[in-house]
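Below are the chains, spelled out letter by letter.
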Amino acid sequence: MQLHRPQVSTESLIALATAWMLATANAPFWRAALAGRDLSAPATWAFAAALTALLGGLYVACIGLLAHRRLLRPLLSLLVVTAAGSAWFIDHYGVFLDRAMLRNVLATHWGEARELLNWGMVAHVVLWGVLPALALWWPRLAPRPWGRALGVRAGWTLAALALAAGAILPVFADFAS
């Protein structure tokens, strides 16, 4: 018996990967963004929803600009695995991944890096990065003629940017403070 592989659009796969990364690889960010807020207050939920829409829109727009059909799954896989690894280091070591930190990572030799690698990190990256990345390869991508694909991608990218911009309008005072 052969398993049926679902068919999805490239944009749907981008949206799914984005939702996964926002939900699983940003716990320290969400804790910091919602720190000091009353989690039972509707304003807090509105702020969290707006922030989710803002980040989701930006993720979808940026990935949509970079990924074409053949590059899509390798790029999404790399992003999901990298997000899982980054989340581990941010959550367990309290580091902030900026340009200077990435430069330090590239300059680190194996002896220093070995101290930071452990089975907990491997399990985290496999569970939250590698397995979801493999799942991105399961569905078939819906074929589209290149002209239609370009139009659909442009529409998704513009809609994602509009979502990101529109998301902050109702809660702009919270973002400004």
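See the structure above.
A brief report on the enclosed structure follows. (Residues numbered from 1 in each chain as written. Predicted model: local features only at pLDDT ≥ 70, side-chain atom pairs only at ≥ 80, totals over all residues. Heavy atoms only, no water.)

Quick notes on the side chain of H124
Structurally, H124 can be placed in helix α7 (residues 119–135). For H124, a relative accessible area of 17% corresponds to the buried category. Among the polar contacts listed, one links the side chain of H124 to the backbone oxygen of A84, at a separation of 3.3 Å. Contact partners of H124, with chain neighbours within four places excluded, come to A84, A87, W88 and G129. (Helix = DSSP H or I, 4+ residues; strand = E, 2+ residues; numbered from the N terminus. Buried < 20%, exposed > 50% of the residue type's maximum accessible area, 1.4 Å probe, protein only. Polar contact = N/O pair within 3.5 Å; in protein donor to acceptor, adjacent residues only side chain to side chain. Contact = heavy atoms within 4.5 Å.)

A closer look at α7
Its 17 residues place the ends of α7 22 Å apart at the C-alpha level, agreeing with the 24 Å of an ideal helix rising 1.5 Å per residue. The largest bend in α7 comes to about 40°, at V126. By the burial criterion, the buried members of α7 are M121, H124, V125, G129, P132 and A133. You can read the cap of α7 off the contacts: a side-chain oxygen lies 3.0 Å from the backbone nitrogen of G120, and it is on N118. (Expected span 1.5 Å × (residues − 1). Bend = angle between axes of the 7 residues up to and from the residue.)

Here's the deal with the packing of helix α3 (residues 42–66) against helix α8 (residues 146–168)
Interhelical geometry of α3 versus α8 gives an angle of 155° and a closest axis separation of 8 Å. Of the possible angle classes, the one that applies to α3 and α8 is roughly antiparallel. Once α3 is placed against α8, the crossing between them reads as left-handed. Note on element contacts: α8 touches α3 through R153, W156, T157, A160, L161, L163, A164, A167 and I168, opposite A50, A53, L54, G57, L58, V60, A61, G64 and L65. (Axes fitted to C-alpha atoms, helices over the stretch in contact; angles between N-to-C directions. Parallel < 35°, antiparallel > 145°, perpendicular 65-115°, else oblique. Left-handed = near helix turned anticlockwise from the far one by under 90°.)

Looking at α8
The end-to-end C-alpha distance of α8, which contains 23 residues, comes to 33 Å, matching closely the 33 Å that a straight helix rising 1.5 Å per residue would cover. Where α8 is buried, its residues meet α1 (10–24) and α3.

Topic: the nonpolar core
Judged by nonpolar contacts, the single largest core of 19 residues is most densely connected at L13, I14, I63, L72, L76 and L136. Residue assignment for this core shows that the elements contributing at least two residues are α1, α3 and α4 (69–93). Here this core takes six residues from α4, the largest share from any one element. Discounting residues that sit within four places of it in the chain, L13 has contacts with V8, L72, R73, L76, L136, P139 and L141. (Core = buried A, V, L, I, M, F, W, Y, C linked by side-chain atoms within 4.5 Å.)

Details of the packing of aromatic side chains
A full pass over the atoms with the stated rule returns three aromatic pairs. A centroid spacing of 5.7 Å and a plane angle of 25° characterise the contact between W20 and W128, whose relative ring orientation is stacked. Of this pair, W20 sits in helix α1 while W128 sits in helix α7, and the two are 108 residues apart along the sequence. For the ring pair F29 and W30, a centre distance of 5.3 Å and an interplane angle of 70° mean the geometry is edge-to-face. In this structure F29 comes out as partly exposed when scored by relative accessible area, which is 34%. Directly above the aromatic system of F47 lies the positively charged group of R37, at a separation of 3.8 Å from the ring centroid. (Phe/Tyr/Trp six-rings, centres within 6.5 Å; stacked < 30°, edge-to-face > 60°. Lys NZ or Arg CZ within 6 Å of the ring centre and 35° of its normal.)

Focus on the pattern of salt bridges
For the structure shown, the criterion picks out three salt bridges. Of the charged contacts, one joins E11 and R144 as a salt bridge, the two residues approaching to 2.8 Å between their closest N and O atoms. Residue E11 is located in helix α1, and its partner R144 is located in the loop between β2 (140–141) and α8; the two are separated by 133 residues in the primary sequence. The partner of R31 in a salt bridge is D91, with the nearest N and O atoms 2.4 Å apart. Taken as a pair, R31 in helix α2 (residues 27–33) and D91 in helix α4 lie far apart in primary sequence, 60 residues in all. According to the relative accessible area criterion, R31 is partly exposed, its value standing at 48%. For D91, a relative accessible area of 38% gives the class partly exposed. (Salt bridge = Lys/Arg side-chain N within 4 Å of Asp/Glu carboxyl O.)

Side note on the layout of surface pockets
In this structure, the largest pocket encloses a volume near 630 Å³. Forming the walls of the largest pocket are 20 residues, and the residues nearest its centre are A25, N26, Y59, A83 and S86. The set of elements that each furnish at least two residues to the lining of the largest pocket consists of α2, α3 and α4. Residues that form the lining of the largest pocket fall into these classes: 17 nonpolar, three polar and no charged. In terms of lining, the second largest pocket is formed by 17 residues, of which the most central are F89, L97, M101, V105 and L116. At the level of elements, α4, α5 (99–107), α6 (110–116) and α7 are the ones that each hand at least two residues to the lining of the second largest pocket. (1 Å grid on protein atoms, 1.4 Å probe; cavity = no way out; pocket = protein on both sides within 12 Å on 5 of 7 lines; lining within 4 Å. Points joined across faces, edges and corners; volume = space filled by probe spheres on them. Nonpolar A, V, L, I, M, F, W, Y, C, P; charged D, E, K, R; others polar.)

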